[in-house]
Amino acid sequence: MNRSVLYLEKRISALNQQRFYSIHIIPTLFGSWAMVRAWGRISYPGTVRERWFATETEASTAGEQWRQRKEQRG
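Calculation rules
In every chain, residue numbers begin from 1 and rise along the written sequence. Residues qualify for local features only when their pLDDT is at least 70, as the model is predicted, and side-chain atom pairs are given and counted only at 80 or more; totals for whole chains, interfaces and linings, by contrast, use all residues. The side-chain numbers reported here are obtained from all heavy atoms of the structure, hydrogens and water having been left aside. With a 1 Å grid spanning the protein atoms alone, the term cavity applies to any set of points in which a 1.4 Å probe fits but cannot get out, the term pocket to an open set with protein on both sides within 12 Å along at least five of seven lines, and the term lining residue to any residue with an atom within 4 Å of a point. Grid points are joined across faces, edges and corners, and a volume is the space filled by probe spheres set on the points. A run of H or I in DSSP becomes a helix once it reaches four residues, and a run of E becomes a strand once it reaches two; helices and strands are each numbered from the N terminus. The residue classification treats Ala, Val, Leu, Ile, Met, Phe, Trp, Tyr, Cys and Pro as nonpolar and Asp, Glu, Lys and Arg as charged. All others, Gly included, are polar. Here is the rule: rings of Phe, Tyr and Trp (six-membered ring for Trp) pair when centre to centre is within 6.5 Å. Planes less than 30 degrees apart are stacked, more than 60 are edge-to-face, and the remainder are tilted. Only protein chains enter the area calculation, which uses a 1.4 Å probe; residues under 20% of their type maximum are buried, those over 50% are exposed, and those in between are partly exposed. We call a charge positioned above a ring when the Lys NZ or Arg CZ atom is no farther than 6 Å from the ring centre and deviates by at most 35 degrees from the ring normal.

### Here's the deal with the layout of surface pockets
Approximately 350 Å³ is the volume found for the largest pocket. Taken together, 14 residues form the lining of the largest pocket, with Lys 10, Arg 19, Phe 20, Tyr 21 and Lys 70 sitting closest to its centre. Counting residues per element, the ones that place at least two in the lining of the largest pocket are strand 1 (4–12), strand 2 (17–27), strand 3 (33–41) and helix 1 (56–73). Residue contributions to the lining of the largest pocket peak at 4 residues, all from strand 2. Residues that form the lining of the largest pocket fall into these classes: 4 nonpolar, 3 polar and 7 charged.

### Quick notes on the packing of aromatic side chains
The relative placement of two aromatic rings is captured by the distance of their centres and the angle of their planes. For the structure shown, the criterion picks out 2 aromatic pairs. For the pair Tyr 7 and Phe 20, a centre-to-centre distance of 6.2 Å together with 15° between the ring planes defines the contact as stacked. A residue pair is termed long-range when its members are at least 10 positions apart, and Tyr 7 in strand 1 and Phe 20 in strand 2 qualify at 13 residues. By relative accessible area, which is 46% here, Tyr 7 ends up partly exposed. Ring geometry for Tyr 21 against Trp 39: centres 6.0 Å apart, planes inclined by 20°, an arrangement best described as stacked. Taken together, the positions of Tyr 21 in strand 2 and Trp 39 in strand 3 put the pair 18 residues apart, joining distant regions of the chain. Relative accessible area serves as the criterion here: at 28%, Trp 39 is assigned to the partly exposed category. Over the ring of Trp 66 we find Arg 69; its NZ or CZ atom is 4.5 Å from the centre of that ring.

Here it is as structure tokens:
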């Protein structure tokens, strides 16, 4: 079973920005795959969103697209 995890942080002390963003690609109980994204302020629970896919490849591709978007924003 393959499991993919990405964790990003953005810290800008001058602007009081302390943000995190994580993406997990995980199998579901029903044989499909889920991309679970979480984001918010570091040390706080944040927001969580799930999106389901038929294959691990589809989920990984979607996760990679989100990673690229977030890295472009800094």
